[in-house]
Amino acid sequence: MSHASTIEAILDIVAGTTPEIREGLVGRREYVEGENPSGEDQLAADVHADQLLEERLLAIDGVGSYASEEREAVIGADEETADSGDGGLAVAVDPLDGSSNLKPNNAMGTIVAVYDAALPARGRDLVAAAYVLLGPITTMVAAVDGSVTEYVISDGERHTAREDISLPDDPTVYGFGGRVPDWTEEFTDYAREIESDTSLKLRYGGAMIGDVNQVMTYGGVFAYPALDSAPEGKLRLQFEGNPMAYIVESAGGKSSDGERSLLDVDPDDLHDRVPVHLGNAELIDGLEAAVGDE
Ligand SMILES: O=P(O)(O)OC[C@H]1O[C@](O)(COP(=O)(O)O)[C@@H](O)[C@@H]1O
Ligand SMILES: [Mg+2]
Ligand SMILES: [Mg+2]
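Residues numbered from 1 in each chain as written. Chains lettered and ligands numbered in written order. Predicted model: local features only at pLDDT ≥ 70, side-chain atom pairs only at ≥ 80, totals over all residues. Heavy atoms only, no water.

As for the coordination of the magnesium ion (ligand 3)
Around the magnesium ion (ligand 3), the protein contributes the donor atoms Glu69 (OE), Asp94 (OD) and Leu96 (O), which lie 2.2 to 2.3 Å from the metal centre. The sequence pattern formed by the donor residues of the magnesium ion (ligand 3) is E-x24-D-x1-L. Between the two metal centres, the magnesium ion (ligand 3) and the magnesium ion (ligand 2), the spacing is 3.7 Å, with Asp94 acting as a shared donor. A relative accessible area of 1% places Leu96 in the buried class. (Donors = N, O, S within 2.8 Å, 3.2 Å for Na, K, Ca; no water. Buried < 20%, exposed > 50% of the residue type's maximum accessible area, 1.4 Å probe, protein only.)

Section: the UniProt feature "domain: Fructose-1-6-bisphosphatase class 1 C-terminal" (unreviewed entry) in the protein chain
When the UniProt feature table is mapped onto this chain, "domain: Fructose-1-6-bisphosphatase class 1 C-terminal" (unreviewed entry) is found at residues 167–290. For residues 167–290, helix accounts for 37% and strand for 15%, while the C-alpha atoms at its two ends are 22 Å apart. (UniProt positions renumbered as here; feature names shortened; annotations may be inferred. Helix = DSSP H or I, 4+ residues; strand = E, 2+ residues; numbered from the N terminus.)

Describing the domain arrangement of the protein chain
Under the domain assignment used here, the protein chain contains domain 1 (3–162) and domain 2 (173–291). One C-alpha centre belongs to domain 1, the other to domain 2; they are set 21 Å apart. Contacts between domain 1 and domain 2 engage 44 residues on the former and 33 residues on the latter. Here domain 1 meets domain 2 over a buried area of about 2,900 Å², counting both sides, of which 57% is carbon and sulfur. A per-residue breakdown of the area domain 1 buries against domain 2 is headed by Pro120, Arg124 and Tyr131, which together make up 20% of the total. Across the contact surface, domain 1 and domain 2 share 4 salt bridges. The salt bridge partner of Arg124 is Asp264, with a shortest N-O separation of 2.8 Å. Of all the secondary structure elements, the ones that give two or more residues to the side of domain 1 that touches domain 2 are strand 3 (63–68), strand 5 (89–97), strand 6 (108–115), strand 7 (126–134) and strand 8 (138–144). Examining the composition of the side of domain 1 that touches domain 2, we find that 8 residues originate from one element, strand 7, more than from any other. For the side of domain 1 that touches domain 2, the class distribution of residues is 26 nonpolar, 9 polar and 9 charged. (Domains from an automatic or database assignment. Contact = heavy atoms within 4.5 Å. Buried area = accessible area lost by both parts, 1.4 Å probe. Salt bridge = Lys/Arg side-chain N within 4 Å of Asp/Glu carboxyl O. Nonpolar A, V, L, I, M, F, W, Y, C, P; charged D, E, K, R; others polar.)

Here it is, written out as structure tokens:
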């Protein structure tokens, strides 16, 4: 199977699984016992989405391995090839991003990263990335071959809504995560500058994919920065930072860990965290100038 057809099969499977993930949210708002590898409580909904995606994505011819925010290790379609990198594409998934939004019934969704390398891999090894947003409408935004498409998912099928998406030139929104007293001094200065820009307004909902989709739609900047208490921030490189950076950069924007494109960050561990800044080029350049040598 060519990489191109494997990528299409992955996007089809994710779209096809979305109705079950959405319906499965009902009745799965409670926490289960134990934690995920990042030390966070897991909701029954996180575990359910992970199980559905693991089984179906690994069954695709051309997918060699599966990893997720919700499980410790990489799982191989064929145990012998799991870590070799030559057993097909590696799919890394955040089954439910923003799952703390389940209780208050706000936006959340699924992030999928497709790497042509053994995990953990660099963002430069991505060959596709997508996120499904469970909003009032279910949409998928996918970046493949440098071009970004938005689909509406209906009955588990993808229907093209917008092609060749690029970030609007005149940005209007921003959203920054983490507790304000926990921000570094340098990031706080940058945030104050952004807040005083009269063309920008706050849009923050607590699910990265929802917040980044605001930026993809209106132009602007999203950040979950380095914190005094957590210098690597909160978001995970393989499952969250890299795929969202790939999508935003494919749409003509920029990503940064504070110093360089997220796609150039070398991973040490599957569950590494990284400071995430995404958005219009001039806003990310300004961010790097403000926090670059902190
Ligand atoms: O609730 P907090 O600590 O502000 O964190 C919000 C961030 O955490 C996340 O929910 C992390 O993702 P998960 O739900 O996959 O753990 C992001 O979507 C969001 O940007
Ligand atoms: Mg997440
Ligand atoms: Mg998650």
